[in-house]
Amino acid sequence: MTMVTIRIPTPLRGYTGGRDEVEAAGDTVAEALAALGAAHEGLLERVLGPEGEPRQFVNLFVGERNVRQLDGLGTRLQTGDVIAIVPAVAGGNDECEGKAAG
Amino acid sequence: MNLCSRCGSNVYSEENATVSRILRIPDVLRARLKAWACTSYPHEACGLLIGRSVGACNAVVDVRQARNLRTERAHDRYEIDPQDFLAADRDARHRHLELVGVWHTHPDHPARPSSTDLAAAWPQWSYVILAVGQAGVSEMTSWRLADTAFEQEEIQS
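The structure presented is a predicted model; accordingly, all values stated were derived computationally and were not measured. (Residues numbered from 1 in each chain as written. Chains lettered and ligands numbered in written order. Predicted model: local features only at pLDDT ≥ 70, side-chain atom pairs only at ≥ 80, totals over all residues.)

Moving on to the overall build of chain A. In terms of regular secondary structure, chain A is built from 3 helices and 6 strands. Traced from its N-terminal end to its C-terminal end, chain A shows the element sequence β-β-α-α-β-β-β-β-α. Considering only C-alpha atoms, chain A reaches an extent of 55 × 30 × 25 Å along its principal axes. Expressed as a percentage of its 102 residues, the buried residues of chain A come to 35%. Here the contacts in chain A between residues at least 6 apart in sequence split such that 53% fall between residues at least 24 apart. (Helix = DSSP H or I, 4+ residues; strand = E, 2+ residues; numbered from the N terminus. Buried ≥ 20, exposed ≤ 12 C-beta atoms within 10 Å, placed from the backbone. Contact = placed C-beta atoms within 7 Å.)

Written out as structure tokens, the structure reads:
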């Protein structure tokens, strides 16, 4: 089984006891994430949706490449690969804001 | 409560706002954010805050500007380029620091979080908003996600 490192963003470190990266075994991104989820209860639900796809505001990178540009969760891993869970950081103005500000 | 006129969601709460959460950011870094905000106007500017999170305090040590992927709506939307996120995260790790927050601007709008901000918010991070117009930055606020709404936090130097 391939051993990889998974980097955990600050907002999700509550699930890993404050650790910023963990080791996981898996031949694909999906397998490594499943191992991550088995070791850290509640974390996987923040990363993957009910159908097992990456959530809207989550990007998954292997090295410098988004898995969406590779083979998605089926992207194959090599020993030493680093998977980064990258929160999509987004926002902006909308009509709600004008109302909220009174 | 401040409800969205369209969806009815509670965007942020002033009534229940707590001052126990603090964002500490040195004046020199505030000045850098304001300069970026003015340079980018009338487009939104955005970036990341690097520092330390200690208890209820997020202490900013450095700031980064990031590329806004929402070029088609740069006047009222932002999405930080994930490559810039990875670079800032890598830099923080090398310095034994972490990403403690996000900053962005609201051109010609108040420094209050929108429902768009809320939908994409993550816990623990400080969300700094700068209201910027032709005359410059008029207000800078900071917010944290508390359950399902934002709460304003105090900004200290």
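Moving on from the model shown.
A count of helical and extended segments in chain B gives 3 helices and 10 strands. Its helices and strands in sequence order give chain B the pattern β-β-β-α-β-β-β-α-β-α-β-β-β, from N to C terminus. Per-residue burial for chain B yields a buried fraction of 45% across its 157 residues. Sequence separation of 24 or more characterises 63% of the internal contacts of chain B that already satisfy a separation of 6 or more.

Assignment of secondary structure puts Trp 143 of chain B in strand S9 (residues 136-146). In this structure, the C-alpha to C-alpha distance between Trp 143 of chain B and Arg 112 of chain B, residues 31 residues apart in sequence, is 8.7 Å.

A separate point is helix H1 (residues 29-39) of chain A. All names here are of chain A. Taken residue by residue, H1 has Val 29, Ala 32, Leu 33, Ala 35 and Leu 36 as its buried positions. End-on, the buried residues of H1 take up no more than an arc of 155°, which puts them together on one face. Along its buried surface, H1 packs onto strand S1 (3-7), strand S2 (21-25), helix H2 (43-47), strand S3 (58-62) and strand S5 (82-87). (Arc of directions from axis to C-beta.)

Residue and element names in this part refer to chain B. Sheet topology note: the strand S4 (residues 46-54)/strand S5 (residues 57-66) ladder contains 9 bridges and is antiparallel. Residue Gly 51 lies in a different strand from S5, and its bridge partner there is Val 60. In this antiparallel pair of consecutive strands, S4 and S5, the connection spans 2 residues, and Gly 55 shows a positive phi of 60°. Two strands pair when backbone bridges link them, and S4 and strand S7 (residues 98-107) are joined in this way by 6 bridges, in the antiparallel orientation. (Pairing = 2+ DSSP bridges.)

This part is about the nonpolar core. Side chains of a nonpolar character, in soluble globular proteins, are inclined to be buried together. The biggest cluster of nonpolar side chains holds 61 residues, and the ones touching the most others in it are Ala 32 and Ile 83 of chain A together with Leu 49 and Leu 130 of chain B. Here this core gets 6 residues from one element, more than from any other, and that element is strand S8 (residues 126-133) of chain B. Look past the residues within four positions of Leu 49 of chain B in its chain and what remains in contact with it is Val 60, Val 63, Leu 99, Val 100, Gly 101, Val 102, Trp 103, Ser 126 and Val 128 of chain B. (Core = buried A, V, L, I, M, F, W, Y, C linked by C-beta atoms within 7 Å.)

Tracing the backbone shows Gly 14 of chain A in the loop between S1 and S2. C-alpha separation for the pair Gly 14 of chain A and Val 62 of chain A, spaced 48 residues apart in sequence, amounts to 22 Å.

All names here are of chain A. Checked against the element boundaries, Met 1 lands in the segment before S1. With 60 residues separating them in the primary sequence, Met 1 and Phe 61 have C-alpha atoms 20 Å apart. For Met 1, the residues in contact, after removing those within four places along its chain, are Ala 25, Gly 26 and Asp 27.

A few words on the sheet that holds S2 of chain A. Reading across from one edge, S2-S1-S5-S3-S4 (chain A) is the order of the 5 strands in this open sheet, with mixed pairing throughout. The open sheet has two free edges, formed respectively by S2 and strand S4 (65-66) of chain A, since each of these has just one partner strand. Relative to the sheet, H1 of chain A contacts S1, S2, S3 and S5 of chain A, its axis offset from that of S2 of chain A by approximately 115°. Together, S3, S4 and S5 of chain A form the strand contacts of helix H2 (residues 82-94) of chain B, whose direction differs from that of S5 of chain A by roughly 115°. (Axes fitted to C-alpha atoms, helices over the stretch in contact; angles between N-to-C directions.)

When pLDDT is averaged along chain B, the result is 90; 88% of the residues meet or exceed 70. Overall fold confidence for the complex sits at a pTM of 0.88, while the interface term, ipTM, reaches 0.84. (pLDDT = per-residue confidence, 0-100.)

Next up on the list: unusual backbone geometry. Residues and elements named next belong to chain B. Between Tyr 41 and the following residue, Pro 42, the backbone shows a cis peptide bond with an omega angle of 10°. If you trace the backbone, Pro 42 turns up in the loop between helix H1 (27-40) and S4. In the Ramachandran plot, Asp 108 falls in the positive-phi region, its phi being about 60° despite a non-glycine side chain. Tracing the sequence through the fold places Asp 108 in the loop between S7 and helix H3 (115-119). For Asp 147, which is not a glycine, the phi torsion comes out positive at approximately 60°. Within the secondary structure, Asp 147 sits in the loop between S9 and strand S10 (149-156).

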